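If you want the building blocks of each chain, they are given just below.
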Amino acid sequence: MPELPEVETTRRGIAPHVEGREITEVIVRQARLRVPVPADLVERLVGARIGDLARRAKYLLVPLEGEAPGTLLWHLGMSGSLRIARLGELPKKHDHLDLVLDDGAILRYHDPRRFGFVDWLAGSTEQDARLARLGPEPLSEAFDGERLFARSRGRRLAVKPFLMDNAVVVGVGNIYAAEALFLAGIDPRRAAGRISRERYDRLAAAVREVLAAAITQGGTTLRDFVGGTGEPGYFKQRLNVYGRDGQPCRRCGAELRLVTLGQRASVFCGHCQT
Ligand SMILES: [Zn+2]
């Protein structure tokens, strides 16, 4: 599933090819995504110019300039990906949407499971309910141990689902929550309200570390966004705990354990994480 680093890598990968370009044609092959493709999307987009791409949490924001300015709110769902196809490159199965640009390049959306969507926002993106409720970006100054500590007082919720709550901080999915808790040495089952300020400082630093490492690693895949047949933007990091239940801890050798927290599988080391 595309997590924050994959969405950020997608933004960086496609930006040089689409920013400043005019949309000349929109081809919708499959409108039934998680949110149906707006019926007037073609009419709104043709002739519009693409501004500077942005990302908020796992949403890609594509600003459009022209007679009726607005923003495309794009979510990759469980299996979505965006890449640049060249003029004449035939669509494959699950290539649901094309934005054809004035230089002949095509921004092509692929999504086998169709849990992703693209929606149109007129006016300010801050007024959209999906964006308004979001907490700070994990790589911004607004996110730190102090915030985690303050938001967690009195909470009996386990720290892992607490960290995955988008109102606390955005974009920390299952993989990165598990890895950050391992680096910080915190048991994912521990009540969020019973963790010290010092440990939250370490956790905030660990969240930044795992996300920044994934984004840096993603940078090496940027050329995959153009042409070819690959699925761009997904990259394998060396993971310490995620997906490794039953295997030895890389730090102490103890067998990693699996628990379910907030309906999500969580792997941790009962020796290193307390
Ligand atoms: Zn260990």
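All figures in this text were calculated on a predicted structure; none of them were measured in a lab.

K.L.:
Where do I start with the environment of Leu 121 in this structure?
P.N.:
Within the secondary structure, Leu 121 sits in strand S9 (residues 117-122). Residues Leu 121 and Ala 158, spaced 37 residues apart in sequence, show a C-alpha to C-alpha distance of 35 Å. Among all residues touching Leu 121, those that are not within four sequence positions of it are Gly 70, Thr 71, Leu 73, Asp 128, Arg 130 and Leu 131.

K.L.:
Which parts of the structure should I look at to understand the UniProt feature "active site" (unreviewed entry) in the protein chain?
P.N.:
Here, the residues flagged by UniProt with the feature "active site" (unreviewed entry) are Pro 2, Glu 3, Lys 58 and Arg 264. In this fold, Glu 3 is placed in the segment before helix H1 (4-18). With a relative accessible area of 4%, Glu 3 lands in the buried category. Beyond its immediate stretch of four places on either side in the chain, Glu 3 contacts Lys 58, Gly 171, Gly 173, Asn 174, Ile 175 and Tyr 176. In this structure Lys 58 touches Met 1, Pro 2, Glu 3, Leu 4, Val 7, Trp 74 and His 75, once residues within four positions along its chain are discounted. A polar atom in the side chain of Lys 58 sits 3.3 Å from the backbone oxygen of Pro 2.

K.L.:
What's the story with the pattern of salt bridges in this structure? I'm lost.
P.N.:
Two side chains carrying opposite charge are able to pair once their charged atoms lie near each other. According to the stated counting rule, one finds 16 salt bridges in the structure shown. One salt bridge connects Arg 130 with Asp 128, and the closest N-O pair in it is separated by 3.0 Å. For Arg 130, a relative accessible area of 25% translates into the label partly exposed. Three or more residues joined by partner-sharing salt bridges are found here, namely Glu 8, Arg 11, Arg 12, Arg 55, Arg 56 and Glu 137.

K.L.:
In this structure, what is going on with the environment of Leu 107? I would like to understand it.
P.N.:
Inspection of the secondary structure puts Leu 107 in strand S8 (residues 106-110). We classify Leu 107 as buried; its relative accessible area is 3%. Contact partners of Leu 107, with chain neighbours within four places excluded, come to Ile 14, Val 18, Trp 74, Leu 82, Arg 83, Ile 84, Leu 97, Asp 98 and Leu 99.

K.L.:
Even after reading the chapter, I still don't get helix H4 (residues 145-152), so can you show me in this structure?
P.N.:
Structural remark: α-helix, 3.6 residues per turn; residues separated by three or four positions point the same way. Buried within H4 are the following residues: Gly 145, Leu 148 and Ser 152. Along the axis of H4, the buried positions cluster into a sector of 65°, meaning they face one direction only. In this fold, the buried residues of H4 make contact with helix H5 (159-163) and helix H7 (197-218).

K.L.:
Hey, could you run me through the UniProt feature "domain: FPG-type" (unreviewed entry) in the protein chain in this one?
P.N.:
The UniProt record annotates "domain: FPG-type" (unreviewed entry) at residues 240-274. Secondary structure across residues 240-274 divides into 0% helix and 29% strand, with the first and last C-alpha atoms of the span separated by 16 Å.

K.L.:
Would you mind going over the environment of Glu 6 with me for this structure?
P.N.:
Looking at where Glu 6 falls in the secondary structure, it is placed in helix H1. Assessed through its relative accessible area of 7%, Glu 6 is described here as buried. Separated by 115 residues in the primary sequence, Glu 6 and Leu 121 have C-alpha atoms spaced 23 Å apart. Of note is the side chain of Glu 6, whose polar atom sits 2.8 Å from the backbone nitrogen of Glu 3.

K.L.:
Would you take a moment to explain the packing of aromatic side chains for this structure?
P.N.:
Aromatic ring pairs are described here by two measures, namely the spacing of the ring centres and the angle between the planes. Within the structure shown, the criterion is met by 3 aromatic pairs. Taking 6.3 Å as the distance between ring centres and 55° as the angle between the ring planes, the aromatic pair formed by Phe 162 and Tyr 200 counts as tilted. Taken together, the residues span a long stretch of sequence, with Phe 162 in helix H5 and Tyr 200 in helix H7 at a distance of 38 residues. Look at Tyr 200 and you get buried, because its relative accessible area is 0%. In this arrangement the basic side chain of Arg 251 is found over the ring face of Phe 182, its NZ or CZ atom lying 4.7 Å from the centre.

K.L.:
Honestly, unusual backbone geometry in this entry has me stumped. Any pointers?
P.N.:
Positive phi outside glycine occurs at His 94, with the angle close to 75°. If you trace the backbone, His 94 turns up in the loop between strand S6 (81-85) and strand S7 (95-101). A residue is classified by how much of its surface remains accessible, and His 94, at 29% relative accessible area, is partly exposed.

K.L.:
What's the story with the coordination of the zinc ion in this structure? I'm lost.
P.N.:
Note on metal geometry: ideal angles are 109.5 degrees for four donors arranged tetrahedrally and 90 or 180 degrees for six donors arranged octahedrally. For the zinc ion, the full set of protein donor atoms is Cys 249 (SG), Cys 252 (SG), Cys 269 (SG) and Cys 272 (SG), and the range of their distances to it is 2.2 to 2.4 Å. Counting along the primary sequence, the residues that act as donors to the zinc ion give the motif C-x2-C-x16-C-x2-C. Of the two residues examined, Cys 269 and Cys 272, each falls in the buried class.

Analysis parameters
- Residues numbered from 1 in each chain as written.
- Predicted model: local features only at pLDDT ≥ 70, side-chain atom pairs only at ≥ 80, totals over all residues.
- Heavy atoms only, no water.
- Helix = DSSP H or I, 4+ residues; strand = E, 2+ residues; numbered from the N terminus.
- Contact = heavy atoms within 4.5 Å.
- UniProt positions renumbered as here; feature names shortened; annotations may be inferred.
- Buried < 20%, exposed > 50% of the residue type's maximum accessible area, 1.4 Å probe, protein only.
- Polar contact = N/O pair within 3.5 Å; in protein donor to acceptor, adjacent residues only side chain to side chain.
- Salt bridge = Lys/Arg side-chain N within 4 Å of Asp/Glu carboxyl O.
- Arc of directions from axis to C-beta.
- Phe/Tyr/Trp six-rings, centres within 6.5 Å; stacked < 30°, edge-to-face > 60°.
- Lys NZ or Arg CZ within 6 Å of the ring centre and 35° of its normal.
- Donors = N, O, S within 2.8 Å, 3.2 Å for Na, K, Ca; no water.

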